[in-house]
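Residue-level listing of the chains:
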Amino acid sequence: MTRKNFLIGSLSVAALGARRIFAAAPGSVMGTPRLKVGVLSDIHVRDEVSQKVFIKALEWYRAKGVDAVLVAGDMADHGLVSQLQLVADAWFQVFPDNKTPEGRPVAQLLEYGNHCVADWKKKNFADDAERAKNMVMFDPRGFWEKAFHEEYQPVFSKTVNGYTFVGAHWPGLSAREAWFAEHAKEIDPAKPFFYFQHPHPKDTCYGAWAWGHDDGTSTRLLSPFRNAIALSGHSHYTLTDERTVWQGAFTSIGTSSLSYTSLDYNFRENAHRGGNNYGIREGRGHEMPQMPTSDGKQGMLFTVCDDHIRIERHEFVWDENLGDDWILPVGKAAEQPFVYAKRKPVRIAPEFAPGAQATVALVEPKPGKDGKKSTPTQLEVRFPAAETREKCRVFEYEVQAVVLADDVEMAAVTRRVLAPDFHVPQSKTGRAGACVFALSAFPKGAQVRFDVTPLECFGRRGKPIHSQAFQIPV
């Protein structure tokens, strides 16, 4: 397929909606594949149960005919040698001697993340000798080479089907500067090359506020390479977030997690009443809740052709794709369709169905074993799921409490609530949302109305729905 025909095909898909430029139906073929790479991160293998999840993903990639599998860190969940060995055993079970059962080679592109060399389990061992035997951090090189049967280098490069991959282990992040100073001239500017590390390059994918980015070193080192494609994990952010792909001086792509996905934000709160995680945020970069979702186990398949890369987003819980494939043009003069400034203006806000309303109810705390109530009385606002509009899904809801007094409406409290189904395939969406407010936040006897506005991931706002006025008890 010529570049002209490829672009015509891409634009014909885009004719269905401007925000779909350089997206295509999952699995459709465009061009001749030169390289296929399975991309994972944050697999967090801790036992045989989590090992089976990794095996399932590797088997899926094997069936897809990959030439390599890349894992951008956090393989051994607690930094234990036994967990690292579970990872290696899974790999060689699916790819014995780094080959498929038919003998086709598959490159291992694996690296340490911070969990792999963590010291969280030091107290589990009696003395330093036992710790040294059981914790990766005491000998990252030796344990790596024993498990994966390859030389350990803090920063390393491999060539697969003529394409360069450069990886930086978590303990090797400080060696990136020296590596690029020595080897930068060896990188072919005519082809895309792949750089992977555990933390996100600062100020790239997900935006400047993203949790889990590095100190800016990788962004600076990669900026001279327009053909660089950085792959990173650490944050566990879901692949349903269109900000996963960032383009600027180079391309940066978040790799989500095979263990659990999280929806943006940088601290955890306990789930309310065993359900969704409700929290407060005043704005980007401020206090933000993080919602771990154990039913989110995600990965990507990269198919590299001469003039583009197809990125398939896969959910391993349901074995479904998470959305249209992303089509990334490559080449010296390739367009950069994933620049945020180009994408935000053409997004479409999600909307509630006609006639939808929010409801409000008092939630009395249950007493603990000592008979005392551990939390104050709350107001719970519930609302139906907002509907996707032309592939643009609801990412979060803004819930605003409005006090009604003397014919005047006064906004009292505003909260942001993550959509509880943002991380799942579109076919599994439709979960109702909720948000809680402390009863003490409102004047006694006041009339309060709650307005709920849906937002998509770039911030486009749909029309709000409202609750009936609720009178705060005296």
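The paragraphs below set out a description of the structure included in this document. Since the structure is predicted, the reported quantities are computational estimates derived from the model, not experimental observations.

### Some details on the overall build of the protein
Thinking step 1. Secondary structure assignment for the protein yields eight helices and 26 strands.
Thinking step 2. Of all 474 residues assigned to the protein, the portion counted as buried reaches 55%.
Thinking step 3. Put simply, of all contacts in the protein between residues at least 6 apart along the chain, 68% involve residues at least 24 apart.
Thinking step 4. With the model as given, the accessible surface of the protein reaches about 20,000 Å², and the carbon-plus-sulfur share is 52%.

### Some points on the side chain of Ser252
Thinking step 1. Relative to the elements of secondary structure, Ser252 occurs in strand β10 (residues 251-254).
Thinking step 2. A distance of 2.9 Å separates the side chain of Ser252 from the side chain of Thr204, its partner in a polar contact.
Thinking step 3. Apart from residues lying up to four places away in sequence, Ser252 is in contact with Pro201, Thr204, Cys205, Ala230, Thr244, Val245 and Trp246.

### What about the packing of aromatic side chains?
Thinking step 1. All chains considered together, the criterion is met by 25 aromatic pairs.
Thinking step 2. Taken together, a centroid distance of 5.6 Å and an interplanar angle of 80° make the contact between Phe193 and Phe225 edge-to-face. Of this pair, Phe193 sits in strand β7 (residues 193-197) while Phe225 sits in the loop between α7 (217-222) and β8 (228-232), placing them 32 residues apart in sequence.
Thinking step 3. Classification of Phe193 by relative accessible area gives buried; the value is 1%.

### Describing the pattern of salt bridges
Thinking step 1. Counted by the stated rule, this structure contains 24 salt bridges.
Thinking step 2. Among the salt bridges present, the one from Asp325 reaches Arg310, with a minimum N-O distance of 2.9 Å. Here Asp325, found in strand β18 (residues 325-329), pairs with Arg310, found in strand β16 (residues 308-315); they are 15 residues apart in sequence, far enough to count as distant.
Thinking step 3. Of the residues examined, Arg310 reaches a relative accessible area of 6% and is grouped as buried.

### Here we look at the state of the cysteines
Thinking step 1. Applying the stated criterion across every chain, the model contains zero disulfides.
Thinking step 2. Free cysteine: Cys392, not disulfide-bonded; nearest cysteine sulfur from Cys457 at 7.7 Å.

### Regarding the packing of helix α3 (residues 81-94) against helix α5 (residues 140-148)
Thinking step 1. For the pair α3 and α5, the least separation of the axes is 9 Å and the interaxial angle reads 30°. Classed by the angle they form, the pair α3 and α5 counts as roughly parallel. Relative to α5, α3 is oriented so that their crossing is right-handed. Only Phe143, Trp144, Ala147 and Phe148 of α5 make contact with α3, whose side of the interface consists of Val81, Leu84, Gln85, Val87, Ala88 and Phe92.

### Quick look at the side chain of Asp421
Thinking step 1. With respect to the secondary-structure elements, Asp421 resides in the loop between β22 (408-418) and β23 (433-438).
Thinking step 2. With no salt bridge to any partner, buried Asp421 finds its closest opposite charge in Arg431, at an N-O distance of 5.2 Å.
Thinking step 3. Excluding residues within four positions of it along the chain, Asp421 makes contact with Arg393, Thr429, Gly430 and Arg431.

### Some thoughts on the sheet that holds strand β5 (residues 155-160)
Thinking step 1. Taken together, six strands build an open sheet; the order of strands is β5-β6-β7-β8-β10-β9 and the sheet is mixed. For this open sheet the edge positions go to β5 and β9 (245-247), each flanked by a neighbour on one side alone. Looking at each pair of strands side by side, their axes are set apart by 20° on average, direction ignored.
Thinking step 2. Relative to β10, β9 runs antiparallel, the two sharing three bridges. If you follow Val245 over to β10, its bridge partner there is Ile253.
Thinking step 3. With respect to the sheet, helix α6 (residues 176-183) is in contact with β5, β6 (163-168) and β7, its orientation differing from that of β7 by roughly 165°.

### Observations regarding the sheet that holds β23
Thinking step 1. The strand order across the open sheet built from three strands is β19-β20-β23, with neighbouring strands paired in antiparallel fashion. Across the chains shown, the open sheet's two edge strands, defined by having one partner strand only, are β19 (359-363) and β23. Going across the sheet, the axis of each strand differs from the next one's by a mean of 25°, ignoring polarity.
Thinking step 2. Two strands pair when backbone bridges link them, and β19 and strand β20 (residues 378-383) are joined in this way by five bridges, in the antiparallel orientation.

### Here's the deal with the pairing of strand β3 (residues 68-71)
Thinking step 1. Residue alternation in β3 divides its side chains into two sets, Ala68 and Leu70 and Val69 and Val71, and both sets are buried.
Thinking step 2. Between the parallel pair strand β2 (residues 35-40) and β3, the chain is carried across by helix α2 (residues 48-63), and the sense of this crossover is right-handed.
Thinking step 3. In the sheet, β3 pairs with strand β4 (residues 107-110) via four bridges, with the strands oriented parallel. Note that in β4 the partner of Val69 across the bridge is Gln108.
Thinking step 4. As a crossover connection, the stretch from β3 through α3 into β4 is right-handed.

### Quick word on the environment of Leu35
Thinking step 1. Along the polypeptide, Leu35 turns up in strand β2.
Thinking step 2. Leu35 gets classed as buried once you look at its relative accessible area, which sits at 1%.
Thinking step 3. When the C-alpha positions of Leu35 and Cys305 are compared, they lie 7.1 Å apart, and in sequence the two are 270 residues distant.
Thinking step 4. When sequence neighbours within four positions are dropped, the list of residues in contact with Leu35 reads Asp67, Val160, Asn161, Tyr163, Phe165, Phe194, Phe302, Thr303 and Val304.

Reading guide: rules and limits
- Residues numbered from 1 in each chain as written.
- Predicted model: local features only at pLDDT ≥ 70, side-chain atom pairs only at ≥ 80, totals over all residues.
- Heavy atoms only, no water.
- Helix = DSSP H or I, 4+ residues; strand = E, 2+ residues; numbered from the N terminus.
- Buried < 20%, exposed > 50% of the residue type's maximum accessible area, 1.4 Å probe, protein only.
- Contact = heavy atoms within 4.5 Å.
- Areas by Shrake-Rupley, 256 points an atom, 1.4 Å probe, with all protein chains shown as cover.
- Polar contact = N/O pair within 3.5 Å; in protein donor to acceptor, adjacent residues only side chain to side chain.
- Phe/Tyr/Trp six-rings, centres within 6.5 Å; stacked < 30°, edge-to-face > 60°.
- Salt bridge = Lys/Arg side-chain N within 4 Å of Asp/Glu carboxyl O.
- Disulfide = S-S within 2.5 Å.
- Axes fitted to C-alpha atoms, helices over the stretch in contact; angles between N-to-C directions.
- Parallel < 35°, antiparallel > 145°, perpendicular 65-115°, else oblique.
- Left-handed = near helix turned anticlockwise from the far one by under 90°.
- Lys, Arg positive; Asp, Glu negative; His and termini not counted.
- Pairing = 2+ DSSP bridges.
- Right-handed = clockwise from strand over helix to strand, strands pointing away.

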